[in-house]
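Summary of the model geometry
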Amino acid sequence: MADTLKLTDILETLDDRVKDETITLGDIVETFDSRGFGPVFLLPALIAALPTGGVPGVPSLCGIFIALMAIQLVFGRRSPWLPRMLRERGISHDRWHRVTERIKPWTRRIDKLLKPRLQWLMGEMAQRLLAVLLTVLGLGMIPLELLPFAAAVPAIAIVSMALGLTAGDGLLMLIGLLVTLGGGVGIAFGVL
């Protein structure tokens, strides 16, 4: 896991490399294919967790994308594959750029916290178990879209776990698990 990225690097790389008017899910896969699944989970989760996740259909699309990617990791695939129908969906490049510029001060602070820790969580079996949880969280975003911004809870958990996967930081993966447990309990009480 020597080849890790920081959150700001991921946002800037996508903004700089994609020249089209729309940044598609296919662009995310192509840009970060050689870096594994971490950034591929991270970016749609960020889209769903940020105010862009309030747009109807966005959390469901992001959740389906995350689940499709996670299932591939469960079965041991080394690089992500995406069907053409989803590959062509995306967000306007201008909107992505504006959001990226707005959140950079925050992402730089987060980057200072990222470092390789709890490396036993970076093993293949741990990543496959994480992928099962990511699949469930991604699919869970679909019905949660019916409640305003409720899909942000699993999205935040996925962001934390994806950052951990990307930066080799097992502590962030554990924090993502805690967010999942706390969010699940909170949503259950909110519905009841």
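Going by the structure above, here's the rest.
Throughout what follows, the structure given in this document is the object of discussion. (Residues numbered from 1 in each chain as written. Predicted model: local features only at pLDDT ≥ 70, side-chain atom pairs only at ≥ 80, totals over all residues. Heavy atoms only, no water.)

The next point concerns the environment of Leu42. With respect to the secondary-structure elements, Leu42 resides in helix H3 (residues 38-49). On a C-alpha basis, the gap between Leu42 and Gly164 in space is 9.8 Å, while along the polypeptide they are 122 residues apart. In contact with Leu42, not counting residues within four places along its chain, are Leu7, Ile10, Val159, Ala162 and Leu163. (Helix = DSSP H or I, 4+ residues; strand = E, 2+ residues; numbered from the N terminus. Contact = heavy atoms within 4.5 Å.)

The next subject is helix H7 (residues 124-144). Look at H7: 30 Å from first C-alpha to last across 21 residues, which is about the 30 Å you get at 1.5 Å a residue. Among all positions of H7, only Gln127, Leu130, Ala131, Leu133, Leu134, Thr135, Leu137, Gly138, Met141 and Leu144 are buried. (Expected span 1.5 Å × (residues − 1). Buried < 20%, exposed > 50% of the residue type's maximum accessible area, 1.4 Å probe, protein only.)

Glancing now at the nonpolar core. Counting residues in hydrophobic clusters, the biggest one holds 55 residues, and the most contacted among them are Phe41 and Leu43. Mapped by element, the contributors of at least two residues to this core are helix H1 (7-17), helix H2 (25-32), H3, helix H4 (58-74), helix H6 (93-113), H7, helix H8 (152-167) and helix H9 (170-191). Every residue in contact with Phe41, bar those within four places of it in the chain, is listed here: Ile66, Met69, Ala70, Leu73, Leu134, Ile158, Ala162 and Leu165. (Core = buried A, V, L, I, M, F, W, Y, C linked by side-chain atoms within 4.5 Å.)

Taking 1.5 Å of rise per residue, the 16 residues of H8 would be expected to cover 22 Å, and the 22 Å separating its terminal C-alpha atoms lies within 8% of that figure. The buried count for H8 comes to 14 of 16 residues, which makes it a mostly enclosed element. Positive backbone phi, approximately 70°, marks Gly168, located one or two places after H8.

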